[in-house]
Structure formats: structure tokens, C-alpha cells
Amino acid sequence: MRLCSLLLLCLAAYLSSSYVISPPHMWTKLILTHHWPSTFCGMEVPVCHPNISYWTLHGLWPDKGIDCNSSWHFNSSEIEDLLPDMKKSWPDLLSPMSTGFWKYEWHKHGTCAAKAESLNSQHKYFSKALELYHKLDLDSILTKFDIIPSENYYKLSQIEGVIENFYSVKPKIQCVHPSKNAGFQILGQIEICFNSDFTLLDCEKHLTTTPKGHLDNHIAVDKTSGFSVCDQDVPVYYPTPS
């Protein structure tokens, strides 16, 4: 009887420690999102600064959680050493001199990413996003394989193929759809995904089941930003910088 009780206690301790390590609401995937400035600024945005000829960061989004800690305020002084790179790689296309975009991304996504010890500070979160962005070097890879802004249309499979062949994972590519009868879609956003240990992951691959009635939070972001998944059968326009 004592042995049985001891085994039960050990099992309870193990389950308790497992819960601490992998809580049920912990994210399992990070989405590094790039957007094309010319497309973003062409979406009837009243004030925009599109004179950037490379893919920039939109955000680093965990697949679970949104606005996870409203009391954890953004403080640019904590990332002061990152600001020169932030301004270039993660610019605010609407207000280049403002930190408002980064504040928004921190509150909405960073506070949720911070559930992981590896991202549990503003500096860790923003520096990791920049590290992954530079490590991927998406803009250079697309250029290297002749996916460049052009008046000619691409097949979506051409763009997907370059990314899949080089990184060995499936991206999620989003476009702007001008109208049903436009006959083309505009390349706008590319997501490349990572596991919690920052190894590459297919963006379509879900490690956990999303509870019924819930959507990945980045999907809602896509909708509000005007981007949606590109149509496989519609030509893709990759606009030249304005």
C-alpha cells in the first residue's frame, strides 16, 4: 500500500512538472512575417512611405495568445541598441519617426511570445525577430533566384518553389486581391514559420489542435491588414518600389 502511494506521489509530481514546462496555453509556433512596402502603401493608405526596395519585417507572431499582458508597457529605452536596425529592417511605413508600430507589435504579440523564457523581455523578443529576419535574408534569396519586382506576372508556384527549395519548408504567401475581375493578385506578405526552438517549420503544420471556435490570431491580423492567402490559379503581380 505504501509503495502504491509512493508511486502515485511520484506520478503526480511528474505531471505537475510537465505542466510547468509545457502549459496548455503555451504557443508552439512562431510566424516571422515579411511585407512588401510598395504593396502595403498601395492599399489606399492615406499617408505612407514606400520608398523602400526590400522586404521588411511586419512582426514575429506566436500562434497562440493576443494582448497577453496589458500592464507590460513598451519601453523603447530597453531596445535602444537595436533601434538603428529596427528603423531599417522593421520600419513603421506610416510614421517612420514613431515607435508606435513596435509598441503595437509588442503589446499584441510580444507579450504572448514572452511566455517562453527565450523571449521573456522586450530586448529578447525584438532582437530575436531581427536575428531571424537577417538569418533568412528573404529579400536576397528571392532576388538570387530571379523573383524580382516586375511588370510581368509570376505564377504563385514559382515564388513558393524558390522558398520551399531553399529553406526546405512551406511558407504562407498572402496577396491583395484588387477585385474578382482584376485577373491578377498583388504580392504583399510572406510568412515563414519556426518551432519554439527557432528551427524552421512548415507554416501549414500545426503541432497542437486549435480549440473549436478559435482561430490563429495571425489570421485576424491578415484580414484587418487587407492581405489574404494568394490564389494558386491567379497570376501574381510583384510591384516595383514607388
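About the criteria used
Residues numbered from 1 in each chain as written. Predicted model: local features only at pLDDT ≥ 70, side-chain atom pairs only at ≥ 80, totals over all residues. Heavy atoms only, no water. Helix = DSSP H or I, 4+ residues; strand = E, 2+ residues; numbered from the N terminus. Expected span 1.5 Å × (residues − 1). Buried < 20%, exposed > 50% of the residue type's maximum accessible area, 1.4 Å probe, protein only. Disulfide = S-S within 2.5 Å. Core = buried A, V, L, I, M, F, W, Y, C linked by side-chain atoms within 4.5 Å. Contact = heavy atoms within 4.5 Å. Lys, Arg positive; Asp, Glu negative; His and termini not counted. Salt bridge = Lys/Arg side-chain N within 4 Å of Asp/Glu carboxyl O.

Draft legend 1. Fine view of helix 5 (residues 122-136). Spanning 15 residues, helix 5 covers 21 Å between terminal C-alpha atoms, matching the ideal 21 Å at 1.5 Å per step. Inspection of helix 5 places Gln122, Tyr125, Phe126, Lys128, Ala129, Leu130, Leu132, Tyr133 and Leu136 among the buried residues, and these make up the whole buried set. Residue Asp137 follows helix 5 closely and has a positive phi angle near 50°.

Draft legend 2. Local environment of the state of the cysteines. Evaluated as defined, the whole model comprises 4 disulfides. Note that Cys41 is cross-linked by a disulfide to Cys48, the S-S spacing being 1.9 Å. Note on the Cys41 and Cys48 pair: the S-S dihedral is about -55°, so by sign convention the disulfide is left-handed. The disulfide bridge from Cys68 ends at Cys112, spanning 2.0 Å between sulfur atoms. Residues Cys68 and Cys112 share a disulfide whose torsion about the S-S bond is about 100°; that sign makes it right-handed. A residue pair is termed long-range when its members are at least 10 positions apart, and Cys68 in the loop between strand 2 (56-62) and helix 3 (83-89) and Cys112 in helix 4 (residues 100-113) qualify at 44 residues. If you count the bonded cysteines of the protein from the N-terminus, they pair up as 1-2, 3-4, 5-8, 6-7.

Draft legend 3. How the structure looks around the nonpolar core. The biggest cluster of nonpolar side chains holds 49 residues, and the ones touching the most others in it are Trp90, Phe126, Leu142, Ile159 and Ile163. Looking at this core element by element, the count peaks at 7 residues for helix 5. If near-sequence neighbours (up to four positions away) are discounted, Ile159 is found in contact with Leu142, Ile147, Tyr154, Ile173, Leu187 and Val236. Residues Cys41, Cys48, Ile52 and Leu93 belong to the second largest nonpolar core, which totals 5 residues.

Draft legend 4. Fine view of the side chain of Glu191. Tracing the backbone through its elements, the reader meets Glu191 in strand 4 (residues 185-195). Put simply, Glu191 is tucked away with no salt bridge, and the nearest opposite charge, on Lys172, sits 4.3 Å away.

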